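Residues per chain, in single letters:
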Amino acid sequence: FSVKVYVMLHQKSPHVLCVTQRLRNSEMIDPSFQWHGPRGKIISGRLFTAQVTSTGSLIFQNFEEGMSGVYTCFLEYKPTVEEIVKNLQLKYVIYAYREPHYYYQFTARYHAAPCNSIYNISFEKKLLQILSKLVLDLSCEVSLLKSECHRVKMQRAGLQNELFFTFSVSSLDTEKGPKPCADRNCESSKRLSKAKNLIERFFNQQVEVLGRRAEPLPEIYYIEGTLQMVWINRCFPGYGMNTLKHPKCPECCVICSPGSYNPRDGTHCLQCNSSLVYGAKVCL
């Protein structure tokens, strides 16, 4: 049976051994190791990203998507000088994986102008500009997912117009952001957490400002307590999560195996019988 190995994309792999656990603690005479990958025999050397050590271990220096697949090691050795040569075949399936590219999804409600009013549209643009500017230095972006205006019947009150906003906050690759960054504070999760805190503080400040107003309320204002947030995981196209298939990497976005694909940034590899490659993004 084959052993599953997971290697983070663009990173160095762990040592993939060409011996069993029993043989690791045994003496072998004149061992000979030969690795075969998805494209045939592996040639080791300084110019190759795959290397075979003197003890037969396979190491990848910079693992790429196209390196995913079945790897087989053929081992020949003698247990003792007198005995005949023994052969052993070890099979691995090596998968590229990536960290989930998660984002926060927010919903908020505003008291609004009449639903056909142009003021609602201009307010929506202004709000998005403010939110985007808040998180710009963190290399995060705000995207409007949905904006709807509805007439709402209030308890013990009449009808009022409300804007229902749904927007996402996600982290950009640091090299795409406005400021190049290399330290630990550039980790996606840390930047995103800071962005979430800034946005929550912004909405809390709106409540405080309204509470200090002596004059009548403006036509459009945030309705206290309506800000809601959920964390949503997503994988890059060609990757997905599957705790049943990959129990040793349950929170990883693992490259989709042949027979499956992921066209969008969802979290599942979908079945596709015509897909013959790892990391398929389309089903032809």
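What counts, and where the lines are drawn
Residues numbered from 1 in each chain as written. Predicted model: local features only at pLDDT ≥ 70, side-chain atom pairs only at ≥ 80, totals over all residues. Heavy atoms only, no water. Domains from an automatic or database assignment. Disulfide = S-S within 2.5 Å. Helix = DSSP H or I, 4+ residues; strand = E, 2+ residues; numbered from the N terminus. Pairing = 2+ DSSP bridges. UniProt positions renumbered as here; feature names shortened; annotations may be inferred. Salt bridge = Lys/Arg side-chain N within 4 Å of Asp/Glu carboxyl O. Buried < 20%, exposed > 50% of the residue type's maximum accessible area, 1.4 Å probe, protein only. pLDDT = per-residue confidence, 0-100. Contact = heavy atoms within 4.5 Å.

What follows concerns the domain arrangement of the chain. Where the parts come together, the accessible area they lose is often given as the size of the interface. Considered domain by domain, the chain is made up of domain 1 (3-97), domain 2 (101-171 + 189-233) and domain 3 (236-283). Placing the centre of domain 1 and that of domain 2 at their C-alpha centroids yields a distance of 54 Å.

Below, the discussion takes up the state of the cysteines. The tally for this structure, following the rule as stated, stands at six disulfides. A sulfur-sulfur separation of 1.7 Å characterises the disulfide bridge that pairs C18 with C73. Of note, the bridge from C18 to C73 carries an S-S torsion of about -90° and is left-handed in sense. Within this pair, whereas C18 is found in the loop between β1 (3-8) and α1 (21-24), its partner C73 is found in strand β6 (residues 69-78), the two being separated by 55 residues in sequence. The disulfide that involves C256 links it to C269, with 2.1 Å between the sulfurs. Residues C256 and C269 are joined through a disulfide that is left-handed, its torsion about the S-S bond being -85°. Taken together, the residues span a long stretch of sequence, with C256 in the loop between β14 (253-255) and β15 (260-261) and C269 in the loop between β15 and β16 (270-271) at a distance of 13 residues.

Before going further, it helps to spend a moment on the pairing of β6. Here is the key point about a regular strand: its side chains alternate between the two faces of the sheet. Pairing analysis gives six bridges linking strand β2 (residues 29-37) to β6, with the strands arranged antiparallel. Looking at β6, one finds that W35 is bridged to C73. Examined bridge by bridge, β6 and strand β7 (residues 86-98) share nine bridges and lie antiparallel to one another. Within the sheet, the bridge partner assigned to L75 lies in β7 and is L88.

For the rest of this paragraph, the subject is the UniProt feature "domain: Zona-pellucida-binding protein 1/2 C-terminal" (unreviewed entry) in the chain. Residues annotated in UniProt with the feature "domain: Zona-pellucida-binding protein 1/2 C-terminal" (unreviewed entry) correspond here to residues 235-284. Strand forms 18% of residues 235-284 and helix 0%; the C-alpha atoms that close the span are 21 Å apart.

Moving on, we get to the pattern of salt bridges. This structure, assessed with the given rule, holds three salt bridges. Measuring nitrogen to oxygen at the nearest pair gives 3.6 Å for the salt bridge that ties K196 to E200. Taken together, the residues K196 and E200, both in helix α3 (residues 188-211) and four residues apart, mark about one turn of the helix. Given a relative accessible area of 16%, K196 falls into the buried group.

Another point: the confidence of the model for the chain. When the pLDDT values of the chain are averaged, the result is 88; 92% of them are 70 or greater. Segment residues 174-184: pLDDT under 50, and 12 contacts once partners within four positions in sequence are set aside and those in other chains are kept.

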